[in-house]
Amino acid sequence: MASAHGPGILLVDKPDGMTSHDIVSRARKALGTRKIGHAGTLDPLATGLLVLGVDAATRLLTYLVGLDKTYEATIRLGAATDSDDSDGEIVWRSDPQVLAAVDTEAIHAHIAALTGRISQVPSTVSAIKVGGRRAYDLARAGEEVVLASREVTVSRFDVLDVRRTDETVDLDVVVDCSSGTYIRALARDLGSALGVGGHLTALRRTRVGPFEIADAVVPEAIATEPLLSSADVAVRVLGGIEVTDAEASALRHGQRLTGAAGRIVGEHAAAIDPAGELIGIIGRRGDDLKSLMNLPTGTPAEGTTEGAAESGGAR
């Protein structure tokens, strides 16, 4: 069953106390469709921006999952946990005198070492699959989890505030990073480098690519807020070109636009028909352009809330 809202992208501000799955479930009920996907979940501890695709717009999520992100976080120095965040058990505490000797200059120096292109080992309770099973399932079952390091980019790692007690040092930070970066791992590695242990106590995602938390809706408003249109989202993320009706028909039937590769700037772009509708995502094939993903025709108008009552706007 298609949503009466039509296909589109939904930005939701996940609150504390709800999982990403809870948000998806609520959106399915509120919008009256089972076909809802996401462009990356948030840990239960985290709050902030979730990007959901509704109905045919789920096809766009492939092009959104790799977008860079911004997080606001609190890192606690002075103790390490088995999950690298405050949901886990403390496995080691620093000597208070050693912690007191860690000055701001040392903190900034080690943060600088964690900025740029770095090699990072994800947390053992991450969702990464090992032999077909999630790492967190293996860890909870008491099995040894060994994860390979991965290259990620941390383009910004700034300290906004430092708060000290006899047993802890709390750092409020903001991080701009590539997709796949674990902020918990940054907290763990910073604490390890300083010799005092570290873990995450708060995390909020404020940006995914061009999408900002200020434009997100609270879960209670999902049924009443219009969706972002697939066309607008695709153009913002990939850039776009206008195609004629004849070209739109050709793309939908799997035909190439001969000699048209020079019409797009990057490797991919959104193809927009004369009515402003998204045909699909196109890419270069030599000198030609070829459809990589098409949206189905005949879907309800995007970005509307018509039929919200019929679609079951339960809160």
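Data block above holds the structure.
None of the values given here were measured: they were computed from a predicted structure.

Quick notes on the rules
- Just so you know, the residues in each chain are numbered from 1, in the order the chain's sequence is written.
- Residue-level local features of this predicted model are given only where pLDDT is at least 70; pairs of side-chain atoms are given and counted only at 80 or more, and the full residue set underlies all totals for whole chains, interfaces and linings.
- Values shown for side chains rest on all heavy atoms present in the structure; no hydrogens or waters enter the calculation.
- In this description a helix means any DSSP run of H or I spanning at least four residues, a strand means any run of E spanning at least two, and both kinds are numbered starting from the N terminus.
- Burial classification: accessible surface area is computed with a 1.4 Å probe over protein chains only, and a residue below 20% of its type maximum counts as buried, one above 50% as exposed, and the rest as partly exposed.
- Pairing between strands requires that DSSP locate at least two bridges from one strand to the other.
- What counts as an axis is a line fitted to C-alpha atoms, over the stretch in contact for a helix, and the angles between N-to-C directions run from 0 to 180 degrees.
- Contacts are residue-level and defined by heavy atoms, with any inter-residue pair within 4.5 Å sufficient.
- Nonpolar cores were defined as sets of buried Ala, Val, Leu, Ile, Met, Phe, Trp, Tyr and Cys residues, with membership established by side-chain atoms within 4.5 Å.
- Polar contact criterion, stated in full: a pair of N or O atoms within 3.5 Å, where within protein one must be able to donate a hydrogen and the other to accept it, and residues adjacent in sequence count only if both atoms are side-chain atoms.
- The reported arc concerns the directions from the helix axis to the C-beta atoms and nothing else.
- Salt bridges are identified by distance alone: a Lys or Arg side-chain nitrogen within 4 Å of an Asp or Glu carboxyl oxygen.
- For classification purposes, angles smaller than 35 degrees are called roughly parallel, those larger than 145 roughly antiparallel, those between 65 and 115 roughly perpendicular, and all remaining angles oblique.
- By definition, turning the near helix anticlockwise from the far helix through less than a right angle yields a left-handed crossing, and turning it clockwise yields a right-handed one.
- Under the scheme applied, nonpolar residues are Ala, Val, Leu, Ile, Met, Phe, Trp, Tyr, Cys and Pro; charged residues are Asp, Glu, Lys and Arg; polar residues are all the others, including Gly.

Q: How should I be thinking about unusual backbone geometry in this particular structure?
A: Of note, the phi angle at Asp 55 is positive, near 55°, even though the residue is not glycine. Relative to the helices and strands, Asp 55 is located in the loop between β3 (47-54) and β4 (69-77). The exposure class assigned to Asp 55 is buried, which follows from its relative accessible area of 8%. One non-glycine residue with positive phi stands out, namely Asp 84, at about 65°. Inspection of the secondary structure assignment puts Asp 84 in the loop between β5 (79-81) and β6 (90-93). Of the residues examined, Asp 84 reaches a relative accessible area of 8% and is grouped as buried.

Q: What's the story with the sheet that holds strand β15 (residues 268-272) in this structure? I'm lost.
A: For sheets, the rule is that strands pair by backbone hydrogen bonds, running either parallel or antiparallel. Taken in spatial order, the four strands make up an open sheet running β14-β15-β16-β17, and their pairing is mixed. Since the sheet does not close on itself, it has two edges, and those belong to β14 (240-242) and β17 (288-294), each with one partner. Adjacent strand axes in the sheet meet at a mean angle of 40°, parallel and antiparallel pairs treated alike. Pairing analysis gives five bridges linking β15 to strand β16 (residues 278-285), with the strands arranged antiparallel. Its bridge partner lying in β16, Ala 270 is registered against Ile 281. Running at roughly 150° to β15, helix α6 (residues 230-238) makes contact with β14, β15 and β16 of the sheet.

Q: What's the story with the nonpolar core in this structure? I'm lost.
A: Across soluble globular proteins, you tend to see nonpolar side chains buried next to one another. Ranked by size, the top nonpolar core spans 46 residues in total, and within it Leu 10, Ile 75, Leu 77, Phe 157 and Ile 183 carry the most contacts. In contact with Phe 157, not counting residues within four places along its chain, are Ile 75, Ile 111, Leu 114, Thr 115, Val 173, Val 174, Val 175 and Leu 186. Among the nonpolar cores identified, the runner-up in size contains 24 residues, and Leu 11, Val 51, Leu 64 and Ala 234 belong to it.

Q: What am I meant to see in the side chain of Thr 33 here?
A: Its location among the elements puts Thr 33 in the loop between α1 (20-31) and β2 (36-38). Overall, the relative accessible area of 3% leaves Thr 33 in the buried class. Of the polar contacts made by the side chain of Thr 33, one reaches the side chain of Asp 55; its length is 2.7 Å.

Q: What is the right way to look at the side chain of Asp 172 in this model?
A: Turning to its location among the elements, Asp 172 is positioned in strand β11 (residues 169-177). The exposure class assigned to Asp 172 is buried, which follows from its relative accessible area of 19%. Not counting residues within four places of it along the chain, the set of residues in contact with Asp 172 comprises Ala 73, Thr 74, Asp 158, Val 159, Leu 160, Asp 161 and Arg 163.

Q: Help me understand the environment of Arg 285 in this model?
A: By the secondary structure assignment, Arg 285 is in strand β16. Accessibility expressed as a relative area gives 37% for Arg 285, which makes it partly exposed. Taking the C-alpha atoms as reference points, Arg 285 and Gly 259, separated by 26 residues in sequence, lie 9.5 Å from one another. The contacts of Arg 285, once residues within four sequence positions are left out, are Arg 256, Lys 290 and Leu 292.

Q: For this particular structure, what's the right way to read α6?
A: Residue pairs three or four apart in sequence face the same way in an α-helix, which turns once every 3.6 residues. Of all the positions in α6, only Ser 230, Ala 231, Val 233 and Ala 234 are classed as buried. The arc that holds every buried residue of α6, seen down its axis, measures 165°, which confines them to one face. Each element contacted by the buried residues of α6 is listed here: β1 (8-14), β13 (211-212), β15 and β16. With its phi angle positive at about 80°, Gly 239 sits one or two positions after the end of α6.

Q: Explanation requested: the pairing of β15 in the structure shown.
A: Both faces of the sheet carry side chains from a regular strand, because those side chains alternate between them. With respect to burial, β15 is a largely interior element, four of its five residues being buried. Bridging between β14 and β15 involves three bridges; their strand directions are parallel. Directly across from Gly 240, in β15, lies its bridge partner Ala 270. Counting the residues in the hairpin turn of β15 and β16 gives five residues, including Gly 276, whose phi is positive at 85°.

Q: What am I meant to see in the pattern of salt bridges here?
A: Working definition: two side chains of opposite charge can pair if their charged atoms are close together. Applying the stated rule across the entire model yields 15 salt bridges. Residue Asp 68 pairs with Arg 207 through a salt bridge whose shortest N-O separation is 3.2 Å. Placement of the pair is Asp 68 in the loop between β3 and β4 and Arg 207 in strand β12 (residues 198-208), with a sequence separation of 139 residues. A relative accessible area of 38% places Asp 68 in the partly exposed class. A salt bridge links Asp 84 to Arg 188, with the nearest nitrogen and oxygen atoms 3.4 Å apart. In this pair, Asp 84 is assigned in the loop between β5 and β6 and Arg 188 in helix α5 (residues 183-194), connecting sequence segments 104 residues apart. The network of salt bridges with shared partners includes Asp 43, Asp 85 and Arg 184.

Q: What is the right way to look at the packing of helix α3 (residues 104-113) against α5 in this model?
A: Describing two packed helices takes the angle between their axes plus the distance from one axis to the other. Where α3 meets α5, the axes come as close as 10 Å, and the angle between the chain directions of the two elements is 125°. Between α3 and α5, the interaxial angle falls into the category oblique. Note on packing geometry: the crossing formed by α3 with α5 is right-handed. Contacts from Ala 106, Ile 107, His 110 and Ile 111 in α3 reach Leu 190, Ala 193 and Leu 194 in α5. By residue class, the composition of the contact of α3 with α5 is six nonpolar, one polar and no charged.

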